[in-house]
Amino acid sequence: MMQTHVSRWPIVAAFAMVGAATQVLWLSFAPVTTVAAEHYGVSESAIGWLTNVFPLFYVVLAIPAGLLLDRWFTQALAAGAVLTAVGGLLRLIGDDFVWVLTGQIVIAIAQPLVLNAITGITGRYLAEEDRPAGIAIGSASTFAGMIIAFLLGAVFTDAEQLGALIAIGAALSGIAAVVLVVALRTPFAFSHRRPPAGLAALRIAWNDDFIRRLCALVFFPFGTFVALTTFAQALLEPAGVDSGTASIILLLNVLAGVVGCAVLPIVAARHGWELKMLVLGAITAFLGCLALAVAPGAIVAYGSLTLIGLLLLPALPIVLAMTERWSGEAEGTAAGLIWMSGNLGGLVVAATVGLLVDHPGSAFLVAGIAALLAVPLVRGIVPYFSSDTEVETAEPTR
């Protein structure tokens, strides 16, 4: 295939729209859990499953989705976008919990097909020097979708407004799907080898020691972020931080993460600071959690969680950029392994912190230690970097 060497940013923008839409739909009910439970006549725990099905399905479907993207990238990504929109529409069919849960399950099935494609979309449509920026934008769009979900939840707070909340999510996902499907009709700007059929792509990705090390690395920072996002309000309440203040703190945390994901990975790639940024984010998260364990309160929470969002969340796009530069023909499967490990970390660390929710100091300390465990894992990937800290382009260790 002829190489044009011209980056096609509109396709990345279309992808970012769908990435943001998946997060809007994922977190639709998180800010209005109590209201939704009363409206649908179910428990708050049941409403929680409207959110929890996403990481559960991601862990199960990350690798199959990656295999599909490696073999049939355009078709698989388009299917993910369309299924996301279909799930959004299913939630509108009936004003009852069953239809809402059905829609959420469909969206959860689609999500790996979308998010796993971050590295693939940049490798096929962006020049090599632009790919870190493309991955940063794609990653930032997912966190931007979280912010939109939080803001919509703050506006549509009453039971009679749930229909409008769901309709807006359906409209966003539908528009984004149409835009991306049309954009994907554009031929690839850069040639890309397809991996062998079957499970060969999984063997290629998993047999690569560097990819396995990245999977272990992303497990901990992603787990810390999910744990803090899930339980920060409950952990801060004994210190006198009310739910409204906690919501603002979490919103600033994610907003800082959007800024960090959009800017810091690009700077890191340009100057060869990837490893330094990963270590800085892990240490910042540990110190922030330590501060919350020792001196919990609104002021400490504002400062700590904002810094954690700014410096810890960029670990994901940095690791994904490393994956894209290293994995070659099995990049979709490799990205799936990275996302699967991150979501698994979220489940494990959040579950552990949840067991300590009645002991906030210990819970914050566990979350901080989880982030700090990433530091020795960063040291483990140092040999894969040349003297100027660029990921080596030699054949991966198999």
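The structure reproduced in this document is the subject of the present report.

Cut-off values and rules
- Residues numbered from 1 in each chain as written.
- Predicted model: local features only at pLDDT ≥ 70, side-chain atom pairs only at ≥ 80, totals over all residues.
- Heavy atoms only, no water.
- Helix = DSSP H or I, 4+ residues; strand = E, 2+ residues; numbered from the N terminus.
- Rg over C-alpha atoms; globule rule 2.2 N^0.38 Å.
- Buried < 20%, exposed > 50% of the residue type's maximum accessible area, 1.4 Å probe, protein only.
- Contact = heavy atoms within 4.5 Å.
- Areas by Shrake-Rupley, 256 points an atom, 1.4 Å probe, with all protein chains shown as cover.
- Lys, Arg positive; Asp, Glu negative; His and termini not counted.
- Charge placed at Lys NZ, Arg CZ, Asp CG, Glu CD.
- Core = buried A, V, L, I, M, F, W, Y, C linked by side-chain atoms within 4.5 Å.
- Axes fitted to C-alpha atoms, helices over the stretch in contact; angles between N-to-C directions.
- Parallel < 35°, antiparallel > 145°, perpendicular 65-115°, else oblique.
- Left-handed = near helix turned anticlockwise from the far one by under 90°.
- Nonpolar A, V, L, I, M, F, W, Y, C, P; charged D, E, K, R; others polar.
- Salt bridge = Lys/Arg side-chain N within 4 Å of Asp/Glu carboxyl O.
- Phe/Tyr/Trp six-rings, centres within 6.5 Å; stacked < 30°, edge-to-face > 60°.
- Polar contact = N/O pair within 3.5 Å; in protein donor to acceptor, adjacent residues only side chain to side chain.
- Expected span 1.5 Å × (residues − 1).
- Arc of directions from axis to C-beta.
- Patch = residues over 30% accessible without salt bridge, like charges linked within 9 Å, V, L, I, M, F, W, Y side chains within 5 Å.

In terms of regular secondary structure, the protein chain is built from 17 helices and zero strands. Since a compact globule built from 398 residues should have a radius of gyration of about 21 Å, the 20 Å found for the protein chain is in line with a globular shape. Its C-alpha atoms give the protein chain principal-axis dimensions of about 55 × 50 × 30 Å. Buried positions account for 55% of the 398 residues belonging to the protein chain. Once local pairs closer than 6 in sequence are excluded, the contacts in the protein chain between residues at least 24 apart make up 83%. When the accessible area of the protein chain is evaluated, it comes to approximately 15,500 Å², of which 69% is carbon and sulfur surface. Seen as two clouds, the 16 positive and the 23 negative side-chain charges of the protein chain have centres 14 Å apart.

Another aspect to go through is the nonpolar core. Grouped together as the largest cluster of nonpolar side chains are 88 residues, with contacts concentrated most on L77 and L278. Per-element tally for this core: the top contributor is helix α10 (residues 209-236), with 14 residues. Excluding anything up to four places from it in sequence, L77 contacts F15, L69, L113, V114, A117, I121, L180 and L184.

What follows is about the packing of α10 against helix α16 (residues 360-372). Closest axis-to-axis distance for the α10/α16 pair is 9 Å, and the angle between their directions is 165 degrees. The angle between α10 and α16 places the two elements in the roughly antiparallel class. Note on packing geometry: the crossing formed by α10 with α16 is left-handed. Of the residues in α16, those in contact with F220, T224, L228, L235 and L236 of α10 are P360, A363, F364, A367, A370 and A371. Residue classes in the contact of α10 with α16 are distributed as ten nonpolar, one polar and no charged.

Across the interface, helix α4 (residues 73-93) lies against helix α8 (residues 162-183) with an axial gap of 8 Å and an inter-helix angle of 160 degrees. Classified by the angle between their axes, α4 and α8 sit roughly antiparallel to one another. Once α4 is placed against α8, the crossing between them reads as left-handed. Two secondary-structure elements touch here, α4 through L77, A78, A81, V82, T84, A85, G88, L89, R91 and L92 and α8 through G163, I166, A167, G169, A170, S173, G174, A177, L180 and V181. Residue composition of the contact of α4 with α8, grouped by class: 13 nonpolar, six polar and one charged.

Our next topic: the environment of A16. Of note, A16 is situated in helix α1 (residues 9-26). Residue classification places A16 among the buried positions, given a relative accessible area of 12%. In sequence terms A16 and G145 are 129 residues apart; their C-alpha atoms lie 9.5 Å from each other.

The next point concerns the pattern of salt bridges. One side chain can pair with another of opposite charge once the charged atoms of both are near each other. With the rule as written, the count across this model stands at two salt bridges. The closest approach of N and O atoms between D209 and R212, which form a salt bridge, is 3.3 Å. With a gap of three residues between them, D209 and R212 both fall in helix α10, about one helical turn apart. Judged by relative accessible area, D209 falls into the buried class, the value being 18%. On the basis of relative accessibility, which here comes to 29%, the residue R212 falls in the partly exposed class. Notably, a salt bridge pairs R213 with D209, separated by 2.7 Å at the nearest N-O pair. Of the two residues, R213 and D209 are both situated in helix α10; the distance of four residues between them amounts to about one turn of the helix. For R213, a relative accessible area of 34% gives the class partly exposed.

A few words now on the packing of aromatic side chains. Taken as a whole, this structure holds five aromatic pairs when the rule is applied. A ring pair is formed by W26 and F54, whose centres lie 6.2 Å apart and whose planes are at 40 degrees; its orientation type is tilted. Taken together, the residues span a long stretch of sequence, with W26 in helix α1 and F54 in helix α3 (residues 44-71) at a distance of 28 residues. You can call F54 buried: its relative accessible area is 1%. Taken together, a centroid distance of 5.1 Å and an interplanar angle of 70 degrees make the contact between F219 and F220 edge-to-face. As far as the burial class goes, F219 and F220 line up, both buried.

For the rest of this paragraph, the subject is the side chain of N116. Position of N116 among the secondary structure elements: in the loop between α5 (97-115) and α6 (118-125). By relative accessible area, N116 is classed as buried at 1%. Of note is the side chain of N116, whose polar atom sits 2.9 Å from the backbone oxygen of A62. In contact with N116, not counting residues within four places along its chain, are Y58, A62, A65, G66, L69, G332, A335, G336 and W339.

Further remarks concern α8. The end-to-end C-alpha distance of α8 is 32 Å, a good match for the 32 Å that 22 residues give at a rise of 1.5 Å each. Considered for burial, the residues of α8 that qualify are L162, L165, I166, G169, A170, S173, A176, A177, L180 and A183. End-on view of α8: buried residues confined to an arc of 165 degrees, all on one side of the axis. Relative to its buried face, α8 has exposed residues pointing more than 90 degrees away, namely I175, V178 and V182. Tucked inside the fold, the buried residues of α8 contact α1, α2 (33-40), α4, α5 and α7 (131-155).

What follows is about a nonpolar patch on the surface. A contiguous nonpolar surface patch, about 570 Å² in accessible area, is contributed by I283, L287, L290, V294, L365, I369 and L373. Only α12 (274-294) and α16 provide two or more residues apiece to the nonpolar patch. Among the elements that take part in the nonpolar patch, α12 stands out by supplying four residues, more than any other. Mapped onto the elements of the fold, I283 is located in helix α12. The class for I283 is partly exposed, based on a relative accessible area of 35%.

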